[in-house]
Amino acid sequence: MCGEAGAMSRPADPVEGKGRPRGTGGGSAVGPVARASAVSPLEWMLGLLLLLAAVLALRATSWFTGPLAFAFFVALAVWPIDAAIGARLPHGLRWLGHLAAMLVILLVFAAFLIGITYAGQRLAAGLPEHREALVALLESLAAFGERLGLPIDSLRNVVSADRLIEPAVGFLSSLVNAVWQTAGVLTLALFLILFMLIEAPVLRRKVAAVTTWRGNVDCRQVLVDVAGRFRRYLLVRAFLGLLTGVLYAAWAWWWDLPFVIVMGTLAFLLNFVPTVGSIIAGAVPMAIALLRLEPASAAIVAGGILVIEQVLGNYVDPKLLGRQMSLSGLVVLVALMFWTWVWGLLGALLAVPMTLLLMVVAAHVPALRPIALFLSDAPDVDEMRNSLGGPGK
């Protein structure tokens, strides 16, 4: 892409045009973008087939391509730590920068695994203790349904406290096991990250050489843009996750609900999973409040959770991220489903970074800017250029 796409944006050679601008005199009036847009149906068909083959290849090689993509984004995130320490040390001690970056990664991975394990085990162990409360809730709902004339007797044979608790406990146990299985995949990612950090200086020179060869698109600038936006995304997600976790825990503590620390932990960790993560994190305190409190109090708890999500999601989040992360909400949801289907749990975590990467690359390639426009939430190309940058800004 960085090789051929750049030729589209290369200015006309005055020697080729014999000193006359293209489109004047006897020259052709068809510019590079116009020629790029004149694609035959056969070329469109071949492009779609290649795209489908690439997607199927990514899914078939998810054991490798998923950790590779994960390692790429993690390396982008910790590269400033490596570079800052390495620049202050003699050449023979620059490996200490790699060591510091890897220690930061290990601490983050360990915190993530311990947090998910703690939350899952606490909920799995505590749910059976709420069996009587769940039975009372189901009886209240059954009495309300009888007043409405619903066939409650047949529903009682299908819905019961045990049939709700046992699958929930099994799901939580499976989730914890899946997370630890993912830890094995992260081992491969750690080696990839280490080699990426070691090879980063050489890779930068290679990218610079490719960029200057035949006037290609500035691939180095693309990487810089993606890295900057991704680091900002991680910082904002971490800050909002911490703030959401504290508010959830404080709200649950105020109403004397159990699993206060679990609620805060889940709110922080699930904040890195777009859209679905916040729904799951908010559903946990609502469900516990429904089991422990009166209906009116449970409704107030649910209202407080909704207020927290609305304020942080609709006001604080856009203010902190700004227009640099102008992904369409629908695109984020579709990307979450798509990348989860391709790479599983890693795909859910990488849905936004991968979509951001595609959008920034497309914005820097003139022929692909319509794709960048559809991925962003900008209404037109000019606003998209202002928010994403790229050639021709």
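The model shown is predicted, which means the values in this text are computed figures rather than measured ones.

**Regarding the overall build of the protein**
Stage number 1. Looking only at helices and strands, the protein has 16 helices and zero strands in total.
Stage number 2. Here the contacts in the protein between residues at least 6 apart in sequence split such that 71% fall between residues at least 24 apart.
Stage number 3. With an accessible surface of roughly 22400 Å², the protein has 71% of that area assigned to carbon and sulfur atoms.

**Some thoughts on unusual backbone geometry**
Stage number 1. Although it is not a glycine, Asp256 adopts a positive phi angle of roughly 60°.
Stage number 2. By the secondary structure assignment, Asp256 is in the loop between helix H9 (219–254) and helix H10 (260–269).
Stage number 3. Note on Asp256: relative accessible area 63%, which makes it exposed.
Stage number 4. Even without being glycine, Phe259 reaches a positive phi, approximately 60°.
Stage number 5. Structurally, Phe259 is set in the loop between H9 and H10.
Stage number 6. Given a relative accessible area of 8%, Phe259 falls into the buried group.

**What to know about the environment of Arg131**
Stage number 1. The residue Arg131 is located in helix H6 (residues 131–147) in this model.
Stage number 2. Given the relative accessible area of 37%, Arg131 is considered partly exposed.
Stage number 3. When the C-alpha positions of Arg131 and Leu291 are compared, they lie 9.2 Å apart, and in sequence the two are 160 residues distant.

**Some details on helix H14 (residues 345–364)**
Stage number 1. Look at H14: 30 Å from first C-alpha to last across 20 residues, which is about the 28 Å you get at 1.5 Å a residue.
Stage number 2. When the local axis directions of H14 are compared, the greatest deviation, roughly 55°, occurs at Ala351, which is followed within four positions by the proline Pro353.

**A word on the nonpolar core**
Stage number 1. Among the nonpolar cores identified, the biggest contains 51 residues, and Phe70, Phe73, Ile105, Ile193 and Leu197 are the most heavily contacted of them.
Stage number 2. When contributions to this core are tallied by element, the ones reaching two or more residues are helix H4 (62–87), helix H5 (95–126), helix H8 (161–212), H9, helix H13 (329–343), H14 and helix H15 (369–375).
Stage number 3. Not counting chain neighbours up to four residues away, the residues in contact with Phe70 comprise Phe109, Leu186, Ala189, Leu346 and Leu350.
Stage number 4. Residues Tyr248, Val262, Leu266 and Val301 belong to the second largest nonpolar core, which totals 24 residues.

**Notes on the packing of aromatic side chains**
Stage number 1. Counting across every chain of the model gives nine aromatic pairs.
Stage number 2. With a centroid separation of 5.7 Å and 50° between ring planes, the pair formed by Trp63 and Phe64 is classed as tilted.
Stage number 3. Of the residues examined, Phe64 reaches a relative accessible area of 32% and is grouped as partly exposed.
Stage number 4. The interplanar angle of 75° and the centroid separation of 6.0 Å between the aromatic rings of Trp251 and Trp255 together place this pair among those described as edge-to-face.
Stage number 5. Judged by its relative accessible area of 21%, Trp255 falls in the partly exposed class.
Stage number 6. Each member of the aromatic cluster is reached from another via a ring pair, and the members are Phe338, Trp339, Trp341 and Trp343.

**With respect to the side chain of Asp225**
Stage number 1. Note that Asp225 resides in helix H9.
Stage number 2. Buried within the structure, Asp225 lacks any salt-bridge partner; its nearest side chain of opposite charge belongs to Arg229, at an N-O separation of 4.1 Å.
Stage number 3. If we skip the residues at most four places from it in the chain, Asp225 touches Val360 and His364.

**Some details on the packing of helix H3 (residues 41–60) against H4**
When two helices pack together, their arrangement is captured by the angle between the axes and the distance separating the axes.
Stage number 1. Close contact between H3 and H4 brings their axes to 5 Å; oriented N to C, the two are set at 95°. Judged by the angle between their axes, H3 and H4 are roughly perpendicular. Residues Leu58, Arg59 and Ala60 of H3 form the contact with H4, whose participating residues are Ser62, Trp63 and Thr65.
Stage number 2. Class assignment of the residues belonging to the contact of H3 with H4 gives a composition of three nonpolar, two polar and one charged.

**Comments concerning the packing of H5 against H10**
Stage number 1. Where H5 contacts H10, the two axes come as close as 9 Å, and the packing angle between them is 135°. Between H5 and H10, the interaxial angle falls into the category oblique. Viewed along their axes, H5 and H10 form a crossing whose handedness is left-handed. Note on element contacts: H10 touches H5 through Ile261, Val262, Thr265, Leu266 and Leu269, opposite Phe112, Gly115, Ile116, Tyr118, Ala119, Arg122 and Leu123.
Stage number 2. Looking at side-chain class alone, the contact of H5 with H10 contains nine nonpolar, two polar and one charged residues.

**So, the side chain of Thr117**
Stage number 1. Looking at where Thr117 falls in the secondary structure, it is placed in helix H5.
Stage number 2. The class for Thr117 is buried, based on a relative accessible area of 11%.

**Some words on a nonpolar patch on the surface**
Stage number 1. A cluster of nonpolar residues, Val276, Ile280, Leu330, Leu333, Val334 and Met337, forms a patch on the protein surface that exposes about 520 Å² of accessible area.
Stage number 2. Contributing elements (two or more residues each) for the nonpolar patch: helix H11 (276–292) and H13.
Stage number 3. Summarising the element assignment, Val334 is placed in helix H13.

**Digging into the environment of Gly303**
Stage number 1. One can find Gly303 in helix H12 (residues 295–321).
Stage number 2. With relative accessibility at 29%, the residue Gly303 sits in the partly exposed group.
Stage number 3. Sequence spacing of Gly303 and Met286 is 17 residues, and the spatial spacing of their C-alpha atoms is 9.1 Å.

Parameters and conventions
- Residues numbered from 1 in each chain as written.
- Predicted model: local features only at pLDDT ≥ 70, side-chain atom pairs only at ≥ 80, totals over all residues.
- Heavy atoms only, no water.
- Helix = DSSP H or I, 4+ residues; strand = E, 2+ residues; numbered from the N terminus.
- Contact = heavy atoms within 4.5 Å.
- Areas by Shrake-Rupley, 256 points an atom, 1.4 Å probe, with all protein chains shown as cover.
- Buried < 20%, exposed > 50% of the residue type's maximum accessible area, 1.4 Å probe, protein only.
- Expected span 1.5 Å × (residues − 1).
- Bend = angle between axes of the 7 residues up to and from the residue.
- Core = buried A, V, L, I, M, F, W, Y, C linked by side-chain atoms within 4.5 Å.
- Phe/Tyr/Trp six-rings, centres within 6.5 Å; stacked < 30°, edge-to-face > 60°.
- Lys, Arg positive; Asp, Glu negative; His and termini not counted.
- Salt bridge = Lys/Arg side-chain N within 4 Å of Asp/Glu carboxyl O.
- Axes fitted to C-alpha atoms, helices over the stretch in contact; angles between N-to-C directions.
- Parallel < 35°, antiparallel > 145°, perpendicular 65-115°, else oblique.
- Nonpolar A, V, L, I, M, F, W, Y, C, P; charged D, E, K, R; others polar.
- Left-handed = near helix turned anticlockwise from the far one by under 90°.
- Patch = residues over 30% accessible without salt bridge, like charges linked within 9 Å, V, L, I, M, F, W, Y side chains within 5 Å.

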